[in-house]
Amino acid sequence: MQPSRRAFLFGRQRPRTRWEAFIQGLERGVEGRVRHDANQPGRATLIPAHRADARHARALCAEFGVRLRLMSWADDRLNKRGALSDHEDGAFNKTGAGAFDLNPVESERLSQQIDGPVLSMDTRLLTGLSPGAIAGHVIAEPGCRLGDLVAAGLNQFRDAPPDCSVGVWLATAHDWRPGATAESGVVAIDVLLSDGTMETLGPFGECDSRPLRSATVQKLIPFLFQLAAGADARACRSADVWPCRYRLDAMLPAAPAEVNLAHLLLGHHGELAWVEAVTLVVSEEVWSSVSSHTDAVPSAHREAPETIAMAQRLQRQIKDAFDPSGLFLDLGAGV
């Protein structure tokens, strides 16, 4: 007898565990697809159909103590074909796209090391791409492919893997010079924070006429400015390569650029917020080296041990400020 017919005749079986209750609430509340294996409790994947699905998932994760994890480009390619081709594996390593899962072996190792239940988020259906309110801007959902951005005129992505998603690119893009995050072309990011706050992070200064809507971010900004003014941030800002995973140097931009809160999420590994959309500026300039703008892991090994320690302290404070409940999976304390 099929499960739907059994449920009609005898009623739905009550969940026996919190994980089963979580899965049931997820399946009932989303229009996208939920994948899980009854033999592997504590691991599931959601393919959201729209923003509301991700928002529902966040609320359930907060209620049931499940952490959210952004799936990487490697995950996506493996799900589609079961293996990365030699060409894709080379491009994968060159660009750093999805490097927070490094490669299939690292992905499996990471999965085995994670304690507690985790919901992986697959953005493949969130592919919206539309003109921004200002000429020369486009708004891309996290599942939009970089190849689609190139077709829309964002030539800076021409040498990037066309199948890599905007969400994964943002999560892994890191290696701009300290204070030069404006070169990323990111204008603003619509985010969903761990407490359910929905906010648009963007320019903060004379160029920004849009007020912040949430008390959470209004409280977060003074802390970030205070952190950026401290000795650890100043030391990291003076390094040749920004050594911290999260780009706090967005609060310390090189002139004539202004502070842009969205740039804090460059290379954030999906650990600070869920990204609902990214506003990017159209550029005709092709990045001379894609790898110089998509290295997910900062080149901290080139820095002195004391600089690495400072970067790790900053990283922990930023993570705690954005995600005090630990909703978004932290992939490791190292920079």
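Residues numbered from 1 in each chain as written. Predicted model: local features only at pLDDT ≥ 70, side-chain atom pairs only at ≥ 80, totals over all residues. Heavy atoms only, no water.

Now for the overall build of the protein. Looking only at helices and strands, the protein features 11 helices and 9 strands. Within the protein, contacts between residues separated by at least 24 positions form 68% of all contacts whose residues are at least 6 apart in sequence. For the protein, the exposed surface amounts to about 15400 Å²; the carbon and sulfur share of it is 52%. (Helix = DSSP H or I, 4+ residues; strand = E, 2+ residues; numbered from the N terminus. Contact = heavy atoms within 4.5 Å. Areas by Shrake-Rupley, 256 points an atom, 1.4 Å probe, with all protein chains shown as cover.)

A few words now on the pattern of salt bridges. If you walk through the whole model with that rule in mind, you get 12 salt bridges. The salt bridge partner of R51 is D190, with a shortest N-O separation of 3.5 Å. A residue pair is termed long-range when its members are at least 10 positions apart, and R51 in helix 3 (residues 51-64) and D190 in strand 7 (residues 186-192) qualify at 139 residues. As a salt-bridge pair, D122 and R124 come within 2.7 Å of each other at their nearest N and O atoms. In this structure, a network of salt bridges that share partners links the residues R51, R55, D190 and E276. (Salt bridge = Lys/Arg side-chain N within 4 Å of Asp/Glu carboxyl O.)

The contact between helix 2 (residues 18-29) and helix 3 brings their axes to 10 Å, and the two run at 160°. Taken as axis vectors, helix 2 and helix 3 run roughly antiparallel relative to one another. Taken as a pair, helix 2 and helix 3 cross one another with a handedness that is right-handed. Residue-level contacts link R18, A21, F22, G25, L26 and G29 of helix 2 to D53, H56, A57, L60, C61, E63 and F64 of helix 3. Residue composition of the contact of helix 2 with helix 3, by class: 7 nonpolar, 3 polar and 3 charged. (Axes fitted to C-alpha atoms, helices over the stretch in contact; angles between N-to-C directions. Parallel < 35°, antiparallel > 145°, perpendicular 65-115°, else oblique. Left-handed = near helix turned anticlockwise from the far one by under 90°. Nonpolar A, V, L, I, M, F, W, Y, C, P; charged D, E, K, R; others polar.)

As a general point, the strands of a sheet are linked pairwise by backbone hydrogen bonds and lie either parallel or antiparallel. Spatially, the 5 strands line up as an open sheet ordered 5-6-9-7-8, and their pairing is antiparallel. The open sheet has two edge strands, strand 5 (129-131) and strand 8 (198-201), and neither has a second partner. Averaged over neighbouring strand pairs, the angle between their axes works out to 20° when direction is ignored. (Pairing = 2+ DSSP bridges.)

Attention now moves to helix 2. Spanning 12 residues, helix 2 covers 16 Å between terminal C-alpha atoms, matching the ideal 16 Å at 1.5 Å per step. Summarising the contacts, the buried residues of helix 2 are in contact with strand 1 (33-36), strand 2 (43-47), helix 3 and strand 4 (118-121). (Expected span 1.5 Å × (residues − 1).)

A word on the packing of aromatic side chains. Taken as a whole and assessed by the stated rule, the structure comprises 5 aromatic pairs. Here the aromatic rings of F157 and W169 are separated by 5.0 Å at their centres, their planes lie at 85°, and the arrangement is edge-to-face. Of this pair, F157 sits in the loop between helix 7 (146-151) and helix 8 (166-172) while W169 sits in helix 8, placing them 12 residues apart in sequence. A residue is classified by how much of its surface remains accessible, and F157, at 1% relative accessible area, is buried. By relative accessible area, W169 is classed as buried at 2%. Among the aromatic side chains, those forming a connected cluster through ring pairs are W19, F22 and F64. (Phe/Tyr/Trp six-rings, centres within 6.5 Å; stacked < 30°, edge-to-face > 60°. Buried < 20%, exposed > 50% of the residue type's maximum accessible area, 1.4 Å probe, protein only.)

Before going further, it helps to spend a moment on the confidence of the model for the protein. When pLDDT is low, close inspection of the predicted coordinates is not appropriate. Averaged over all residues, the pLDDT of the protein equals 82, while 76% of them reach at least 70. Looking at the elements of the protein, mean pLDDT is at its lowest for helix 5 (residues 86-95), recorded as 35, and at its highest for helix 3, recorded as 98. Across residues 289-301, where pLDDT falls below 50, the model places 44 contacts with residues more than four positions away in sequence or in other chains. (pLDDT = per-residue confidence, 0-100.)

As a further point, take the nonpolar core. W169, L248, L265 and F322 are the most contacted members of the largest nonpolar core, which has 49 residues in total. For this core, the leading source of residues is helix 9 (residues 215-228), giving 6 residues. Dropping the residues within four chain positions of it, L248 is found in contact with L224, L227, A228, A233, W242, L264, L314 and I318. One finds I23, L46, F64 and A171 within the second-largest nonpolar core, a separate group that totals 24 residues. (Core = buried A, V, L, I, M, F, W, Y, C linked by side-chain atoms within 4.5 Å.)

So, on to unusual backbone geometry. Of note, the bond from A255 into P256 is cis; its omega dihedral lies within 30 degrees of zero at 10°. Along the chain, P256 falls in the loop between helix 10 (231-237) and strand 9 (274-281). Phi angles above zero are rare outside glycine, and H269 is one such case at about 65°. With respect to the helices and strands, H269 occurs in the loop between helix 10 and strand 9. Given the relative accessible area of 7%, H269 is considered buried.

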